[in-house]
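Spelled out, the chains give:
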Amino acid sequence: MDVLFFCPRWGQESVDWDTFSQKVKKAGYNGVEASLPYDEKEKAFILSSLAKHDLQFIAQHYETAEKDFEHHYKQFEQRLLNLASAKPLFINSQTGKDYYSFEQNKKLIDLATEITVKTGTKILHETHRGKFSFAAHITAGYLEKISDLRITLDISHWCNTAESFLHDQQEAVDLAISRTDHIHSRVGYPEGPQISDPRAPEWKEALDFHLQCWDKIVAIRRAENADSLTITSEFGAPPYLPLLPYTKQPVASQWDINVFMMDLLKERYA
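Residues numbered from 1 in each chain as written. Predicted model: local features only at pLDDT ≥ 70, side-chain atom pairs only at ≥ 80, totals over all residues. Heavy atoms only, no water.

Q: I'd love a proper account of the packing of helix 3 (residues 69-84) against helix 4 (residues 102-119), names of residues and values included.
A: Direction vectors running N to C along helix 3 and helix 4 enclose 25 degrees, while the axes themselves pass 10 Å from each other. What the angle tells us is that helix 3 and helix 4 run roughly parallel. As helix 3 runs across helix 4, the sense of the crossing is right-handed. For the pair helix 3 and helix 4, the contacting residues are Phe69, His72, Tyr73, Phe76, Glu77, Leu80, Leu81 and Ala84 in the first and Gln104, Lys107, Leu108, Leu111, Ala112, Ile115 and Thr119 in the second. Residue composition of the contact of helix 3 with helix 4, by class: 10 nonpolar, three polar and two charged. (Axes fitted to C-alpha atoms, helices over the stretch in contact; angles between N-to-C directions. Helix = DSSP H or I, 4+ residues; strand = E, 2+ residues; numbered from the N terminus. Parallel < 35°, antiparallel > 145°, perpendicular 65-115°, else oblique. Left-handed = near helix turned anticlockwise from the far one by under 90°. Contact = heavy atoms within 4.5 Å. Nonpolar A, V, L, I, M, F, W, Y, C, P; charged D, E, K, R; others polar.)

Next up, the structure:
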């Protein structure tokens, strides 16, 4: 099974796409995970930059934030269709709202499934604070009731939401792991969704917990004879990355951390 690594556009928005793509390729990534604008010329330029440097593309949806459900539903549909038109490897979607009802969030998940059928573009739903999948025990309910629901696992959010490493929610975690097709390799901890630096020894417990979860996903996908598994190194940009007081300088380099995570997992899953 090929394990493919993707670089987030997040944190590199100020870098022009051609320079960014060249940098990503040189670092050893297989592709990029990013959203796309509606403007067709801008979209075409981004996709041509990726193709020029032989980079694969995972489309990312996160922008739909409208509170009113009917408006939210329409915006969600428009954004997914826009991303699907680029023929990405798949769409990774932050879907719904934590305060929407199960029925409302399920309508959005069902809409994504309809778009997959219509366009042939697979859509995964990312575990994320503020979305339908904000907590392990809540997501378990969706996974139990929607048999074809597949997810992107960013378990860092759940550590923060539950204020623990989820050792008392193993059944919910294992269910999510069994339905995971894509990993966001951010490392969280009980007090936040992102540790300051995974290279630092004080974060060993947090890193080890996440590694154990990712190991299980890799083992399952290999047992299923999957052709590939995708991983995005998605430590976030400042101020998601902690800042020093007064100077507002990041405590570490986002780029260096994400390359470190890629290299760590490349060696682990070789």
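Q: Explain the sheet that holds strand 8 (residues 228-232) to me, using residue names and the numbers behind them.
A: Sheets are built from strands paired through backbone hydrogen bonds, the pairs being either parallel or antiparallel. One closed barrel accounts for eight strands, arranged 1-2-3-4-5-6-7-8; its pairing is parallel. Recorded for the sheet is a direction-independent mean angle of 30 degrees between the axes of neighbouring strands. Summarising the sheet, strand 6 (residues 151-153) and strand 7 (residues 180-184) pair through three bridges and their orientation is parallel. Bridging from a neighbouring strand, Thr152 pairs with His182 of strand 7. (Pairing = 2+ DSSP bridges.)

Q: Please set out the environment of Pro198 residue by residue, giving values where relevant.
A: Tracing the sequence through the fold places Pro198 in the loop between strand 7 and helix 8 (204-223). Expressed as a C-alpha distance, the spacing of Pro198 and Asp39, which sit 159 residues apart in the sequence, is 37 Å. Discounting residues that sit within four places of it in the chain, Pro198 has contacts with Leu207, Phe235, Ile257, Phe260 and Met261.

Q: Requested: an account of the packing of helix 5 (residues 136-145) against helix 7 (residues 170-178), with residues and values cited.
A: Where helix 5 contacts helix 7, the axes come no closer than 9 Å and their chain directions differ by 50 degrees. Classified by the angle their axes make, helix 5 and helix 7 are oblique. As helix 5 runs across helix 7, the sense of the crossing is left-handed. Of helix 7, the residues touching helix 5 (which contributes Ala136, His137, Ala140, Leu143 and Glu144) are Ala172, Leu175 and Ala176.

Q: How would you explain the pattern of salt bridges if you had to name every residue and give the values?
A: Here the structure, examined in full by the defined rule, presents 14 salt bridges. Here Lys122 makes a salt bridge to Asp181, at a shortest N to O gap of 2.7 Å. Here Lys122, found in the loop between helix 4 and strand 5 (123-126), pairs with Asp181, found in strand 7; they are 59 residues apart in sequence, far enough to count as distant. According to the relative accessible area criterion, Lys122 is partly exposed, its value standing at 36%. Each of Lys122, Arg150, Asp181, Arg221 and Glu224 takes part in one network of salt bridges that share partners. (Salt bridge = Lys/Arg side-chain N within 4 Å of Asp/Glu carboxyl O. Buried < 20%, exposed > 50% of the residue type's maximum accessible area, 1.4 Å probe, protein only.)

Q: Can you break down unusual backbone geometry residue by residue, with the values?
A: Here Pro238 and Pro239 are connected by a cis peptide whose omega angle stands at 5 degrees. Mapped onto the elements, Pro239 comes out in the loop between strand 8 and helix 9 (254-268). The phi dihedral of Asp54 is positive, around 55 degrees, even though this residue is not glycine. Note on placement: Asp54 falls in the loop between helix 2 (40-52) and strand 3 (56-61). The exposed category is assigned to Asp54, whose relative accessible area is 58%. Here the phi dihedral of Leu166 falls at roughly 65 degrees; this positive angle occurs in a residue that is not glycine. Structurally, the position occupied by Leu166 is in the loop between helix 6 (156-162) and helix 7. Accessibility expressed as a relative area gives 1% for Leu166, which makes it buried.

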